[in-house]
Structures are given as structure tokens and as C-alpha cells.
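Residues per chain, in single letters:
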Amino acid sequence: MLEVSDEVRTEIGDDEADRLLAGAHAPDAYDCTSCRAPGDSLREPTSTVLFIGDETAVLAFAHARCVPSQVVPVDEEQLLGAVRSISQAQGGAGAPAAAPAHVYPGTHTVAGMPDGTWSAPAAHAPQPHVPQPQAPQAPAGPGTQPAVLGVTCGLVLCGDTPYAALVVEPTGPIARPGSGSAEDEFLSLLTDHGFQVVQSVDRAPARPLTGWSVLMAMGQLHAILQPSASGGSAAWWQAHQPLQVTEAWRAAVARRSEVIMYAVPAGTIGRQPREDLLRMALDRATGHGVLVAGMLPLAGT
């Protein structure tokens, strides 16, 4: 009952895809890479999810009800670190050594684990809700240090429906690239890309933004992706290390496969330790007309 999408087939080749569908290299039992609950590829529809770096590709499995079969771009160093850490953990526990790598056409390598599961981007030290990400796409005004984007994860109630949300706030003014101005144009840059000024936090954005998405891997937050000039996706924001999110936040994402991204100018919300305080800060920003939002589909797991 394995599902292999056309994009996964393209990456791994027809022969390997056919072997997977025939049962080779595919585990009967697995932990879903999205919800982390046990799965059974013999009894329930199962998606193949291929995490790819610059030279390495790692195959994972998920309930088809959680995420569709897809290709997820991941930082190469994170991918290699995951393979190393899982291999060391297996060896340290007295388990047999990792199975030989399966090389797909091109330069992608898939590392299989001896228990039939597959390695995927590993968690580093757990993070609180507010990470310290870097934002190379966020230039600062002349004579200032580049601004950094702070990202807060939390649940936001829109009507009676809880949504997984990200609140993005830079540490300083964001100038329009090449403008030479110190004026903060963070919100106008986002509205140029389809984000809308929020009139009420009670109403969720009506439709997903084309080309934008939230990248999750192994239940952790990795990046916010934006459309690239080449027609694919590029990281608009990327965490220094994968961000641990709460079970409730991950469950909300799994139910809807989408995340609301809110954004505010520097100094508007700050670090809020509780979701009720975060909501109050969002409502205040709405009242001052400085909150924009967009619905971002889930990319990855």
C-alpha cells in the first residue's frame, strides 16, 4: 500500500521506485515521519517522503493521511548529521551496523537502517518556542547590522478552529534591497508577495500563498520557503537547528496541512511566554494596522 509520487520517482529512478512498490527496501512497520505514531505499510496507505540535500537523499515513510508522497529539500549538513547520529546510536546500542547505502541515479545516496526504517533529519538540542534563527534575506538599513528574524510558534484560535501559527518579527528595520534607505519596509515587502493586512485575528487567511510553504522534517520546524527565480523554492528563513514544536502545534498542522504566518515590524510583539499573551499582542498589532498574514501550506512532514 505504498505511494510513490512522480517527483520521488524522478529522483530515485523508475527501477528503484518499482522495487519499493514491490516491497524491497520498504519496512512493513515504521514510525510516521509526520505524526511519529506507528504505521504499517501492509495495512494502511503509506507515503514515501524523500529528503534531499546537495548530494545526499534520505527516504522516510509517513501515513498517507498525514502527508502525501513528496520530495523535501533539506540542508546537506543536517542530512549528513542525521545519518551519522543515527548510525552511531545504532552501533552504541549494540545493534548491527547500518546497511550499505543504496545509491540512486545521480549523486543522491539513501542510507538504510538495519531495522527497516530510514534515517531523516535529526533533532538537535530541544528549543523553546522562540528560536534564534538567521535571516540572510533580511537586509538592514545603511550603517546597521543585518536584522535577524525571530520566529515564535503557537496555536491561534480563528473562530472556533485552532490553527498552527508562526509569528515573524525582525530584530530591527528591514530595508528594501538596493534602496539605500533606513526606512522599515518589512511589511510592504511581504504584501508585495501576497501577504494581507489583518483586519481580525478571528478570521484565518482565505487561501494559501502560491509558492510559499513551511518546511517540517521529522516533526520539527526547519524553514519557511518562498518562490525562487528558478521556479522552485528557496529558504526565506531557516533555523540554525531544527525547532522542536509542541504536540498540539504539530497535531494542528497534521489536521490541516497548513500554517498561518503572521508578521509584524520590529518591536511590536517581542517574546511572549504564553499563547494567551501572544494572542493579546496579535490583537494589539491588528488594532494598529501593523499585522500581516498569509496561509502557508505544509512542505515535508
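The structure reproduced in this document is the subject of the present report. Owing to the predicted nature of the structure, the values given are computational and were not obtained by experimental measurement.

## Description of the overall build of the protein
Check the secondary structure of the protein and you find 6 helices and 16 strands. Sorting the 301 residues of the protein into buried and exposed places 48% on the buried side. Long-range contacts, defined as pairs at least 24 residues apart, comprise 63% of the intrachain contacts of the protein with a sequence gap of at least 6. Of the roughly 13700 Å² of accessible surface on the protein, 53% is carried by carbon and sulfur atoms.

## Describing unusual backbone geometry
Phi is mostly negative for residues that are not glycine, and the peptide bonds are mostly trans. With a phi angle near 55°, Ser-257 is a residue other than glycine that sits in the positive phi range. Within the secondary structure, Ser-257 sits in the loop between α5 (247-256) and β15 (258-263). For Ser-257, a relative accessible area of 30% translates into the label partly exposed.

## Here we look at α5
In an α-helix, one full turn covers 3.6 residues, which means residues spaced three or four apart are oriented alike. Among all positions of α5, only Trp-249, Arg-250, Ala-252 and Val-253 are buried. One side of α5 carries all its buried residues, which in axial view fall inside an arc of 155°. Facing away from the buried surface of α5 by more than 90 degrees, the exposed residues are Glu-247 and Arg-255. At the C-terminal side of α5, Ser-257 shows a positive phi close to 55°.

## Side note on the pattern of salt bridges
Counted by the stated rule, this structure contains 9 salt bridges. A salt bridge links Arg-9 to Asp-18, with the shortest nitrogen-to-oxygen separation between them at 3.2 Å. On the basis of relative accessibility, which here comes to 21%, the residue Arg-9 falls in the partly exposed class. Across the pair Asp-40 and Arg-43 runs a salt bridge, and its minimum N-O distance is 3.5 Å. Take Asp-40: its relative accessible area is 22%, and that puts it in the partly exposed class. Residue Arg-43 is classed as exposed on the basis of its relative accessible area, which comes to 71%. Through salt bridges with shared partners, a single network forms among Arg-9, Asp-14 and Asp-18.

## Some thoughts on helix α6 (residues 275-287)
Along its 13 residues, α6 runs 18 Å from first to last C-alpha, staying within 8% of the 18 Å computed at 1.5 Å per residue. Elements that come into contact with the buried residues of α6 comprise β9 (149-158), β10 (161-170) and β15. Of the residues flanking the end of α6, it is Gly-289, one or two places downstream, whose phi is positive at about 70°.

## Let's talk about the environment of Arg-255
Along the chain, Arg-255 falls in helix α5. Each C-alpha atom of the pair Arg-255 and Arg-65 lies 9.1 Å from the other, and the pair is 190 residues apart in sequence.

## Looking at the packing of aromatic side chains
Applying the stated criterion to the full structure yields 3 aromatic pairs. With a centroid separation of 6.4 Å and an interplanar angle of 10°, the aromatic rings of Phe-186 and Trp-236 are classed as stacked. Residue Phe-186 is found in helix α4 (residues 186-192), and its partner Trp-236 is found in strand β14 (residues 233-244); the two are separated by 50 residues along the sequence. Here Phe-186 matches Trp-236 in class, with each residue buried. Seen from their ring centres, Phe-195 and Trp-212 are 5.1 Å apart, and the 90° between their planes marks the pair as edge-to-face. With Phe-195 in the loop between α4 and β11 (196-197) and Trp-212 in the loop between β11 and β12 (213-217), this residue pair connects regions lying 17 residues apart in the sequence. The class for Trp-212 is buried, based on a relative accessible area of 2%. An aromatic cluster of three or more residues is present, and its members are Phe-186, Phe-195, Trp-212 and Trp-236.

Cut-offs applied
- Residues numbered from 1 in each chain as written.
- Predicted model: local features only at pLDDT ≥ 70, side-chain atom pairs only at ≥ 80, totals over all residues.
- Heavy atoms only, no water.
- Helix = DSSP H or I, 4+ residues; strand = E, 2+ residues; numbered from the N terminus.
- Buried < 20%, exposed > 50% of the residue type's maximum accessible area, 1.4 Å probe, protein only.
- Contact = heavy atoms within 4.5 Å.
- Areas by Shrake-Rupley, 256 points an atom, 1.4 Å probe, with all protein chains shown as cover.
- Arc of directions from axis to C-beta.
- Salt bridge = Lys/Arg side-chain N within 4 Å of Asp/Glu carboxyl O.
- Expected span 1.5 Å × (residues − 1).
- Phe/Tyr/Trp six-rings, centres within 6.5 Å; stacked < 30°, edge-to-face > 60°.

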